[in-house]
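Analysis of the macromolecular model
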Amino acid sequence: MDEALLRNLTPAVLGVLVRRGADFAAAEDAVQDALVEAVRGWPDDPPRDPKGWLVTVAWRKFLDAVRADASRRHREVRVEAEPPPGPGEAVDDTLQLYFLCAHPSLTPASAVALTLRAVGGLTTRQIARAYLVPEATMAQRISRAKRTVSGVRFHEPGDVATVLRVLYLVFNEGYSGDVDLAAEAIRLTRRLAAMTRHEEVAGLLALMLLHHARRPARTGHDGRLVPLAEQDRGLWDTRLIAEGVDVLQAALARDRLDEFQAQAAIAALHADALTAEETDWVQIVEWYDELVRLTGSPVARLNRAVAVGEADGARAGLAALAGLDPALPRFTAVAAYLHERDGDPVTAARLYADAARAAASLPERDHLTRQAARLNARPHG
Amino acid sequence: MAKYLLLKHYRGAPEAVNDVPMDQWKPEEVTAHVQYMNDFADRLVGTGEFVDGQALSPEGTFVRYDGEGRPPVTDGPFAETKDLIAGWMVIDVETYERALELAGELSAAPGAGGKPIHEWLEVRPFLTAAPTVTE
């Protein structure tokens, strides 16, 4: 039984049913029923056209469910009149599914859960594990989300930006459960990129690939954070880097720069350096200038200050930091780093300890505590 | 099997014997401490005694219903605000004695100078539904 094949086919089958007018929640139930039959029957009797088989069975399951509802008899007549399903649809309805799952009426958390369920084909249990919540809690969140989009017409034009935001959220959820959400986000974004020529999709895909390529070097064996400069670059996945750079260059060539492309360009410059010292910080600052221009984001300005510190010295970095809100996440950690580079370990140690107290994750807190400890333990004099 | 909550009070509880703020330790002492905690949890997973462990952010806020509108938020004047619970571990063990033994072990995590912290941990049993007796 090829589970990966079923997982890949699920969204397409679901998409067909929803486009034919099935309510989203009912379509999902029907597809699940069809999958159960596939798992039972396929090992003995594999179909020639798996997708066509699933569409046919799921559609029959949907009709059965509708038929069972006596009060909807008139609707039954209408659906029965629909032409019978055939394999080999020309359009890929999965694209529409992406838009539906990222519908603006959903909260980001719900959109993420629904996307993983409907487009990713993950089970509720897998999604619950990834988010470290009880399965019943996740089941509720998903069924609430399904109810929210049940009235949405399938052909409403979607907003690519919202879809990308959802995929990026999935990517950034990281690696907590037994499902690797970062890898899952890349898989979904790859498929989205194959369906649409949208340059923003390419930018996001490139960014994810370039970040993901560095993942094996980002944490030590005991889960501790390894900063970029100290990472073993031999652990970086050169195949992913090459792919990310290719995708990025193709996107940049179309001359419609956006936020994701700019971020990917920065990641590509890091990936390009064989050692931390060889990093082209001057070019990175230029890309951060673009990013700040495109987004005006305070986080982009904060990261820019780090790059300025590397390109033009710690003093310049501190100057770039001066106008920013100290309440920004990681502001204190950046200030600590720049003060240390500026030759002020006492201030830096104090700031690292402050930053550790405000850290949002355990590995980050341990890392910052270690930085403070390192400076406090240095020989005085 | 009974579940117990091990509460780690870094502040608010009686002072630990080896009470040095973590940023005053040597970096390798911090690493050793983290390693000890991870190993401890891994070992309890291995024995089937681990249920859950979480670390908490040191900042908390008091909130209450106060009529219509947004609830008021304060971080004082309650003394408890700084009576910090750093985190917890839930274990599922055969006996109360085993719970005490594990808490003692957790309290021996290495700190400054590589010596055990000797911090106080609170061990509290979970309340459970009354067992159904069938004859």
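Residues numbered from 1 in each chain as written. Chains lettered and ligands numbered in written order. Predicted model: local features only at pLDDT ≥ 70, side-chain atom pairs only at ≥ 80, totals over all residues. Heavy atoms only, no water.

Attention now goes to the overall build of chain A. Along the backbone of chain A there are 20 helices and zero strands. For chain A, with 381 residues in total, the buried portion stands at 46%. Across chain A, the fraction of contacts at a sequence separation of at least 24, relative to all contacts at a separation of at least 6, is 61%. About 18600 Å² of surface is accessible on chain A, with carbon and sulfur atoms providing 53% of the total. Distance between charge centres in chain A, computed from 46 positive and 52 negative side chains, equals 4 Å. (Helix = DSSP H or I, 4+ residues; strand = E, 2+ residues; numbered from the N terminus. Buried < 20%, exposed > 50% of the residue type's maximum accessible area, 1.4 Å probe, protein only. Contact = heavy atoms within 4.5 Å. Areas by Shrake-Rupley, 256 points an atom, 1.4 Å probe, with all protein chains shown as cover. Lys, Arg positive; Asp, Glu negative; His and termini not counted. Charge placed at Lys NZ, Arg CZ, Asp CG, Glu CD.)

As a further point, take the overall build of chain B. Secondary structure summary: chain B contains two helices and six strands in total. Ordered by position in the sequence, the α and β elements of chain B form the string β-α-β-β-β-β-α-β. Looking at chain B residue by residue over its 135 residues, the buried ones come to 33%. Within chain B, contacts between residues separated by at least 24 positions form 77% of all contacts whose residues are at least 6 apart in sequence. Carbon and sulfur atoms make up 57% of the accessible area of chain B, which totals about 8700 Å².

Moving on, we come to the pattern of salt bridges. Counted by the stated rule, this structure contains 25 salt bridges over all chains. The partner of Arg98(B) in a salt bridge is Glu49(B), with the nearest N and O atoms 2.7 Å apart. On the criterion of sequence distance, the pair formed by Arg98(B) in helix α2 (residues 96–107) and Glu49(B) in the loop between α1 (27–47) and β2 (50–55) is long-range, its members being 49 residues apart. One continuous salt-bridge network, built from bridges that share partners, spans Arg7(A), Glu184(A) and Arg187(A). (Salt bridge = Lys/Arg side-chain N within 4 Å of Asp/Glu carboxyl O.)

Right, let's talk about the packing of helix α9 (residues 160–173) of chain A against helix α10 (residues 181–195) of chain A for a bit. Helix-helix packing is described using two parameters, namely the angle between the two axes and the distance between the axes. Residue and element names in this part refer to chain A. Between α9 and α10, the least distance of the axes is 6 Å, while the angle of their chain directions is 155°. By the angle between their directions, the pair α9 and α10 is classed as roughly antiparallel. Relative to α10, the crossing made by α9 is left-handed. Here Val 163, Leu 164, Leu 167, Val 170, Phe 171 and Glu 173 of α9 lie close against α10, whose contacting residues are Leu 181, Ala 182, Ala 185, Ile 186, Leu 188, Thr 189 and Leu 192. By residue class, the composition of the contact of α9 with α10 is 11 nonpolar, one polar and one charged. (Axes fitted to C-alpha atoms, helices over the stretch in contact; angles between N-to-C directions. Parallel < 35°, antiparallel > 145°, perpendicular 65-115°, else oblique. Left-handed = near helix turned anticlockwise from the far one by under 90°. Nonpolar A, V, L, I, M, F, W, Y, C, P; charged D, E, K, R; others polar.)

On to the sheet that holds strand β6 (residues 121–125) of chain B. Residue and element names in this part refer to chain B. Taken in spatial order, the four strands make up an open sheet running β2-β5-β1-β6, and their pairing is antiparallel. Either end of the sheet is taken by a strand with one partner, and the two such strands are β2 and β6. Within this sheet the neighbouring strands show an average axis-to-axis angle of 15°, counted without direction. Note that β2 and strand β5 (residues 87–93) share five bridges and pair antiparallel. Among the inter-strand pairings, Gln 54 is bridged to a residue of β5, identified as Trp 88. Most of the contacts of α1 go to β5, to which it runs at about 25°, and overall it touches β1 (2–8), β2 and β5. (Pairing = 2+ DSSP bridges.)

Although it is not a glycine, Arg330(A) adopts a positive phi angle of roughly 75°. Structurally, Arg330(A) can be placed in the loop between α17 (314–321) and α18 (331–341). Look at Arg330(A) and you get exposed, because its relative accessible area is 54%. Notably, His118(B) is not glycine yet its phi reads approximately 55°, a positive angle. With respect to the helices and strands, His118(B) occurs in the loop between α2 and β6. Classification of His118(B) by relative accessible area gives partly exposed; the value is 41%.

The next subject is the interface of chain A and chain B. Contact residues are listed per partner, giving 14 residues for chain A and 14 residues for chain B. When chain A packs against chain B, the two sides together hide about 1200 Å² of surface, and 57% of this comes from carbon and sulfur. Broken down residue by residue, the surface that chain A buries against chain B is led by Asp222(A), Arg357(A) and Arg370(A), which jointly contribute 34%. Our count for the contact surface shared by chain A and chain B stands at zero salt bridges. Where the side of chain A that touches chain B is concerned, the elements lending two or more residues are α19 (345–358) and α20 (362–376) of chain A. For the side of chain A that touches chain B, the class distribution of residues is five nonpolar, two polar and seven charged. (Buried area = accessible area lost by both parts, 1.4 Å probe.)

Given two aromatic rings, their pairing is described by the distance between the two centres and the angle made by the two planes. All names here are of chain A. All told, the structure shown has five aromatic pairs over all chains when counted by the stated rule. Between Trp 42 and Trp 53 the ring centres are 5.2 Å apart and the planes differ by 75°, which places this aromatic pair in the edge-to-face class. Separated by 11 residues along the polypeptide, Trp 42 in the loop between α2 (24–41) and α3 (50–68) and Trp 53 in helix α3 bring together distant segments of the chain. According to the relative accessible area criterion, Trp 53 is partly exposed, its value standing at 25%. Its guanidinium or amino end placed over the ring of Trp 59, Arg 20 lies 5.2 Å from that ring's centre, counting from NZ or CZ. Over the face of the ring belonging to Trp 236 we find Arg 214, whose NZ or CZ atom lies 5.7 Å from the ring centre. (Phe/Tyr/Trp six-rings, centres within 6.5 Å; stacked < 30°, edge-to-face > 60°. Lys NZ or Arg CZ within 6 Å of the ring centre and 35° of its normal.)

Okay, the confidence of the model for chain B next. All names here are of chain B. Averaged over every residue, the pLDDT of chain B is 83; the share at 70 or more is 84%. Averaged over each element, pLDDT in chain B is lowest for strand β4 (residues 73–74) (69) and highest for α2 (92). Model confidence for the complex: the whole-complex pTM is 0.81, and ipTM, which rates the interface, is 0.77. (pLDDT = per-residue confidence, 0-100.)

Quick look at helix α15 (residues 281–295) of chain A now. Side chains three or four residues apart in an α-helix point the same way, a direct result of the helix having 3.6 residues per turn. Residue and element names in this part refer to chain A. Taking 1.5 Å as the rise per residue, α15 with 15 residues should run 21 Å; its terminal C-alpha atoms sit 20 Å apart, in good agreement. Where α15 is buried, its residues touch α13 (238–252), α14 (259–272) and α16 (298–312). After α15 finishes, the residue Gly 296 shows a positive phi value of roughly 65°. (Expected span 1.5 Å × (residues − 1).)

The biggest cluster of nonpolar side chains holds 100 residues, and the ones touching the most others in it are Leu17(A), Phe24(A), Leu54(A) and Leu167(A). Considering each element in turn, this core owes the most residues, 10 residues, to helix α11 (residues 199–213) of chain A. (Core = buried A, V, L, I, M, F, W, Y, C linked by side-chain atoms within 4.5 Å.)

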